[in-house]
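Below are the chains, spelled out letter by letter.
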Amino acid sequence: MAASTAVTANYVLKPPPYPLDALEPHMSKQTLEFHWGKHHRAYVDNLKKQVLGTELEGKTIDHIILNTYNNGDLLPAFNNAAQAWNHEFFWESMKPGGGGKPSGELLALLERDFTSYEKFYEEFNAAAATQFGAGWAWLAYANDKLKVVKTPNAVNPLVLGSFPLLTIDVWEHAYYLDFQNRRPDYIKTFMNNLVSWEAVSSRLEAAKAASSSA
Amino acid sequence: MAIRSLASRKTLAGLKETSSRFLGFRGIQTFTLPDLPYDYSALEPAISGEIMQIHHQKHHQTYVTNYNNALEQLDQAVNKGDASTVVKLQSAIKFNGGGHVNHSIFWKNLAPVNQGGGEPPKGALGSAIDTHFGSLEGLVKKMNAEGAALQGSGWVWLGLDKELKKLVVDTTANQDPLVTKGGSLVPLVGIDVWEHAYYLQYKNVRPDYLKNVWKVINWKYASEVYDKESK
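Predicted model only: the values in this text are computed from it and were never measured.

Sorry if this is basic, but what is going on with the packing of aromatic side chains here?
The description of two aromatic rings rests on the distance between their centres and on the angle between their planes. Residues and elements named next belong to chain A. Counted under the stated rule, the structure contains 27 aromatic pairs over all chains. Aromatic pair Phe89 and Trp138: ring centres 5.9 Å apart, planes at 40 degrees, arrangement tilted. Separated by 49 residues along the polypeptide, Phe89 in helix α3 (residues 78–91) and Trp138 in strand β1 (residues 135–142) bring together distant segments of the chain. Each member of the pair, Phe89 together with Trp138, is buried.

How should I be thinking about the layout of surface pockets in this particular structure?
A probe matching the size of a water molecule, rolled over the atoms, marks out where space remains unfilled. Of the pockets and cavities examined, the largest pocket occupies roughly 600 Å³. Along the walls of the largest pocket sit 22 residues, with Ala129 and Phe132 of chain A together with Thr62, Tyr63 and Asn66 of chain B positioned nearest its centre. Contributing elements (two or more residues each) for the lining of the largest pocket: α5 (117–130) and α7 (183–193) of chain A together with α2 (49–80) and α4 (90–109) of chain B. The leading source of residues in the lining of the largest pocket is α2 of chain B, at five residues. Tallied by class, the residues present in the lining of the largest pocket amount to eight nonpolar, ten polar and four charged. For the second largest pocket, the calculated volume is near 440 Å³. Contributing elements (two or more residues each) for the lining of the second largest pocket: α1 (29–51) and α3 of chain A together with α6 (136–149) and α8 (206–213) of chain B.

How do you make sense of the UniProt feature "binding site: Mn(2+)" (unreviewed entry) in chain A when you look at a structure like this?
All names here are of chain A. Following the UniProt record, the feature "binding site: Mn(2+)" (unreviewed entry) maps to His35, His87, Asp169 and His173 here. Considering the C-alpha atoms alone, the annotated residues occupy 139 residues of sequence yet fold into one spot, their largest mutual distance being 12.1 Å. Lining residues of the second largest pocket drawn from the annotated list: His173. For His35, a relative accessible area of 0% translates into the label buried.

Before we go on, may I ask you to explain the environment of Asn153 of chain A in this structure?
Mapped onto the elements, Asn153 of chain A comes out in the loop between β2 (145–152) and β3 (163–169). Separated by 74 residues in sequence, Asn153 of chain A and Asn79 of chain A place their C-alpha atoms 8.2 Å apart.

Would you take a moment to explain the UniProt feature "binding site: Mn(2+)" (unreviewed entry) in chain B for this structure?
All names here are of chain B. Within this numbering scheme, the UniProt entry marks His55, His103, Asp192 and His196 as carrying the feature "binding site: Mn(2+)" (unreviewed entry). The greatest C-alpha distance among the annotated residues, which extend across 142 residues, is 12.3 Å, indicating that they converge on a single site. Here, the largest pocket is lined by His196 out of the annotated residues. Residue position: His103 is located in helix α4. Judged by its relative accessible area of 0%, His103 is buried. Aside from chain neighbours lying at most four places away, what touches His103 is His55, His60, Tyr63, Trp155, Gln175, Asp192 and His196. In terms of polar contacts, His103 uses its side chain to reach the side chain of His55, at 3.0 Å.

Would you mind showing me how to read the sheet that holds strand β4 (residues 166–173) of chain B here?
Hydrogen bonding along the main chain pairs the strands of a sheet, whether they run parallel or antiparallel. All names here are of chain B. Read from one edge to the other, the open sheet built from three strands follows the order β4-β3-β5, with strand pairing classed as antiparallel. Among the strands making up the open sheet, the edge pair consists of β4 and β5 (185–192). Sheet twist, expressed as the average angle between the axes of neighbouring strands with direction ignored, equals 25 degrees. Where strand β3 (residues 154–161) lies against β5, seven bridges are found, and the strand directions are antiparallel. Bridge pairing in β5 places Asp161 opposite Leu185. Along the sheet, helix α5 (residues 123–133) makes contact with β3, β4 and β5, crossing β4 at roughly 80 degrees. Helix α9 (residues 219–229) rests against β3, β4 and β5 of the sheet, and its axis sits at about 165 degrees to β5.

What counts, and at which threshold
Residues numbered from 1 in each chain as written. Chains lettered and ligands numbered in written order. Predicted model: local features only at pLDDT ≥ 70, side-chain atom pairs only at ≥ 80, totals over all residues. Heavy atoms only, no water. Phe/Tyr/Trp six-rings, centres within 6.5 Å; stacked < 30°, edge-to-face > 60°. Helix = DSSP H or I, 4+ residues; strand = E, 2+ residues; numbered from the N terminus. Buried < 20%, exposed > 50% of the residue type's maximum accessible area, 1.4 Å probe, protein only. 1 Å grid on protein atoms, 1.4 Å probe; cavity = no way out; pocket = protein on both sides within 12 Å on 5 of 7 lines; lining within 4 Å. Points joined across faces, edges and corners; volume = space filled by probe spheres on them. Nonpolar A, V, L, I, M, F, W, Y, C, P; charged D, E, K, R; others polar. UniProt positions renumbered as here; feature names shortened; annotations may be inferred. Contact = heavy atoms within 4.5 Å. Polar contact = N/O pair within 3.5 Å; in protein donor to acceptor, adjacent residues only side chain to side chain. Pairing = 2+ DSSP bridges. Axes fitted to C-alpha atoms, helices over the stretch in contact; angles between N-to-C directions.

Shown next as structure tokens:
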């Protein structure tokens, strides 16, 4: 069973690992203030309220996500739990001065599973651009293979049995202040300037370790 | 909704593609962005001019463009008897055709205050609302609650169930038109709760948008539709 590693399970609104203005000019401070300070915060606060007094109280976020997905017939706490998880994962998928091409083992695996970094870039881009409505695009790891996945609303690869490695939020609130309707420009900016390949690499190591011990 | 038949243009395109004037084929109707019957800034302060312009010129235009592309591909696939492409195109048609249908209704659902925007419904629709929801306030409260609770993107609707002859409140996801929730449902008022409909002005506070949008809802149009469809 796929397990996340780095995302905290204690219903805490963890700040991004950089100041809110650190991703400028690619992602504005204003966006971070709303996206993290309002949207992400609300998912965490609402999750706490929602599980209080229920059998889910005290359970980890991962547990809640996996137990409320219910094969797509979502139970009430899924949305807040998954969105809390997704957003923490998203902040940690980015870094100031990020983006561009990875190197080393990660690049080798991308070239193995997508034939080239450029092909991966195209596929990730297309997934993010064509997720209709709200959702996310992911690089994920399963069965010793890297793949690109897109999901609607709050769904994430954990419930699909894969290890998430990288994500981009394509809900409109993620890019509307900076890019308005221009989602393709937002995706390119994310790929070229924001991706933290270090985070992806360490998640990949954790995923491989978890897979081999399973 | 503005529909322009481009049958003759399609015919010429068909000639170029097939290089035979003796093949029979249908011309398909493609669509254009309908004009708004008011200026972009005319719905202020309920909805900002900036939002109206981007919403109309970018979002709705994109649905129209992509819908036309999907229809052309569909036409070709149908003519070739390519069933699997026909089926594959259905989601693009639902997304983009739905986006065009829904937004065309939405622009008519809105009106500046000086053109009756916000004036409560009278006549048969007004009575029906009181009957089904207790009062207009009751209806608004219900629609706002459902609109606020909608996860992700979608619409909240006041509709007429023609078969059951009653008003309903319902939501649809993404750009699904109301008819996807029931074949006998006719949309009377739709409120777009995609973030693009309010984010630049209301940010994350969708409930504030929902509270304010009623000030520019065009009940005259909704009443006309109701009167026509409840005969």
